[in-house]
Amino acid sequence: VQLLRTGDAEGKAKAAGALGILAWDNDANKVVISRAGAVEPLVQLLRNGDAEGNKIIAAWTLGILAWKNNDNQVAIACAGAVGPLVQLLRTGNAEGKAKAALALARLANNNEDIQFAIVRAGAVDPLVELLGTGDADGKANADLALRNLRLDVD
């Protein structure tokens, strides 16, 4: 987590990726990573990353931390991740849009307050656009996000 806070762009990206791998399918590690203070620097990397790649890795890791963990969902939303995720959804490349959509889907899962925040942040239009024009991952993730927002676009 310290490297995520103070490292150069490459170090931050590697740290974010390593945290995502540690959290992948490991509920205990998700809790430890969040309690170690990783959420704030991940959101900062998402917001101010030197390259789109850093933003993509941050979005991916935040999505993993949020998946099936209500406390992390709230911590990530409270740290200000929703706006930068919507921005990546609007302006990112195909991978960035897909990762942002998945992170938003996971944040929205079973959390009405975060669902409202995502809608208020303007995510619906770019999600619908991604559903129509994205690559396979982008379309699947946009569909999941819209369903988790309780918005059926069929």
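These figures come from a predicted structure and were not determined experimentally. (Residues numbered from 1 in each chain as written. Predicted model: local features only at pLDDT ≥ 70, side-chain atom pairs only at ≥ 80, totals over all residues. Heavy atoms only, no water.)

For the rest of this paragraph, the subject is the overall build of the chain. Each helix and strand in the chain was counted, giving 11 helices and 0 strands. Starting at the N terminus, the α and β elements of the chain follow one another as α-α-α-α-α-α-α-α-α-α-α. Its C-alpha atoms give the chain a radius of gyration of 14 Å, within 12% of the compact-globule value 15 Å for 154 residues. In terms of overall dimensions, the chain has C-alpha extents of about 45 × 30 × 25 Å along its principal axes. Residues classed as buried in the chain amount to 47% of the 154 residues present. For the chain, the proportion of contacts with a sequence separation of at least 24, taken over those separated by at least 6, is 63%. Carbon and sulfur atoms provide 50% of the accessible area of the chain, an area that totals close to 7400 Å². Mean positive and mean negative side-chain charge positions of the chain (16 and 18 charges, respectively) differ by 3 Å. (Helix = DSSP H or I, 4+ residues; strand = E, 2+ residues; numbered from the N terminus. Rg over C-alpha atoms; globule rule 2.2 N^0.38 Å. Buried < 20%, exposed > 50% of the residue type's maximum accessible area, 1.4 Å probe, protein only. Contact = heavy atoms within 4.5 Å. Areas by Shrake-Rupley, 256 points an atom, 1.4 Å probe, with all protein chains shown as cover. Lys, Arg positive; Asp, Glu negative; His and termini not counted. Charge placed at Lys NZ, Arg CZ, Asp CG, Glu CD.)

Further remarks concern the packing of aromatic side chains. Counted by the stated rule, this structure contains 1 aromatic pair. Where Trp24 meets Trp60, the ring centres are 6.4 Å apart and the plane angle is 20 degrees; that geometry is what we call stacked. With Trp24 in the loop between helix H2 (9-23) and helix H3 (27-35) and Trp60 in helix H5 (residues 52-66), this pair connects stretches of sequence that are 36 residues apart. According to the relative accessible area criterion, Trp60 is partly exposed, its value standing at 24%. (Phe/Tyr/Trp six-rings, centres within 6.5 Å; stacked < 30°, edge-to-face > 60°.)

Another aspect to go through is the environment of Ala23. Relative to the helices and strands, Ala23 is located in helix H2. Taking the C-alpha atoms as reference, Ala23 lies 21 Å from Ala145; in sequence the two are 122 residues apart. When sequence neighbours within four positions are dropped, the list of residues in contact with Ala23 reads Asn29, Lys30, Ile33, Ile64 and Leu65.

Keep in mind that these numbers describe shape and distance, not what the molecule does.
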